[in-house]
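Residue strings, one per chain:
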Amino acid sequence: MTTIRMRVSCGFSPPFLCAASLALAGDDDLFRGPDGFKGIKYRWVGPAVGGRATRVQGVPGSPGVYWLATAAGGIFKSTDGGVRFKPVFDDQPVASVGSLAVAPSNPSVVYVGTGEANIRGSVKPGVGIFKTTDGGSTWTHVFKQEGQIGTMAVDPRNPDIAFAAVLGKAFGPNPQRGVYRTKDGGKTWVQVVAVDANTGASDVAIDPSNPNVVFAGFWQARRTPWSMTSGGPGSSLRVSRDGGDTWKKLTEGLPEGNWGKVGVAVAPSNPGSRVRADRGREGRPLPVERRRKVLHARQRAARHPPAAVVLLDDDGRSVESGRGVVPASSAPERPSTAARRSRR
């Protein structure tokens, strides 16, 4: 009989991790497909405060250690597999955290990007990047910039090299948006690629087998207290093959038209030939009359799943794609308030 403990990040409020225990007849049963997971049961293990869970990461080789970033509660750490979570960021001057990354070569080194990048009308700005070298006991404010940071990535061989996907200030244009890199452990940060003042970096991923290959997603977006515009010509996917010095926009085999929010991940099992890129649907700003009626209106694009999922080869060419692009003009209009009430 084998018992397997799993961790699943659940992005709801309050943030929590789900622990699952599964009893199997033999070790090989785990790999026999969905039937092997029929006995799985989830239970809530906490923590009970902090708002949405924005990022969770374990530590290879240390199955009891988990880090959790939250939208409004800082950073939590568990060293006993999720039985207890301890806040380790409360002494810092910011509570909104958008990302964290544990250095693969030294898990005591963790970079934290503040400012949640899920830009709702009530989103709280961050104040830059923090770093710990002692597993969260002490923190250093290594990069000071107001705005949102959605993803951090650390070179798997060198904990002094890290990248930050800086979305920037959500409520207006700012030239500070883009991908930043440090090569000296956070002492200095350089903007290595940017699109324009209206487009921020939404994701960054390093090829674990070749850290000179770095992918970056970009998102053209603008938030107001009553509406949001998502997508445009600035949204794109780019790649660097020299560690971030130079970048190329990828277009071959990818969907045409304006994109929304772009996410990218490199498959650890086959990094040289499989890169997953999620291209969010482009959204349009809400009409003026609707902005007046609905203060916290959500963008129409957010009600739909990503419009395209693309697998790329190691040259950045599309080898497989998911659902095609649906232009914003064909997105169904939301019924008026009067129409919705008449259906009740």
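Just so you know, these numbers come straight off a predicted model, no measurement behind them.

A.B. asks: Mind laying out the confidence of the model for the chain, listing which residues take part and the relevant values?
C.D. replies: Within the chain, residue pLDDT values average 78, and 67% of them lie at 70 or more. Residue range residues 19–31 is modelled with pLDDT below 50. Its contacts to residues more than four positions away, or to other chains, number 41 contacts. Low confidence marks residues 323–341, where pLDDT is under 50. Its contacts with residues over four positions away, or in another chain, come to 26 contacts.

A.B. asks: Outline the sheet that holds strand S8 (residues 97–102), supporting the account with residue identities and numerical values.
C.D. replies: Ordered in space as S8-S9-S10-S11-S12-S13-S14, the seven strands form an open sheet in which the pairing is antiparallel. At either end of the open sheet lies a strand with only one pairing partner, and these are S8 and strand S14 (190–193). On average, each strand axis in the sheet is tilted by 40° relative to the strand beside it, whichever way the strands run.

A.B. asks: Could you give an account of the sheet that holds strand S4 (residues 53–59), with specific residues and numbers?
C.D. replies: As summarised here, the arrangement of the four strands in space is S4-S5-S6-S7, forming an open sheet in which the pairing is antiparallel. Bordering the open sheet on either side are S4 and strand S7 (86–87), each of which pairs with just one other strand. Bridge count for strand S5 (residues 62–70) against strand S6 (residues 75–78) is four bridges, and the pairing is antiparallel. Within S6, the residue paired with Leu68 across the bridge is Phe76.

A.B. asks: Which residues make up the environment of Pro93, and what values do they have?
C.D. replies: Examined against the element boundaries, Pro93 turns out to sit in the loop between S7 and S8. Remark: the alpha-carbon pair of Pro93 and Val127, spanning 34 residues in sequence, is separated by 8.3 Å.

Calculation criteria
Residues numbered from 1 in each chain as written. Predicted model: local features only at pLDDT ≥ 70, side-chain atom pairs only at ≥ 80, totals over all residues. Heavy atoms only, no water. pLDDT = per-residue confidence, 0-100. Contact = heavy atoms within 4.5 Å. Pairing = 2+ DSSP bridges. Helix = DSSP H or I, 4+ residues; strand = E, 2+ residues; numbered from the N terminus. Axes fitted to C-alpha atoms, helices over the stretch in contact; angles between N-to-C directions.

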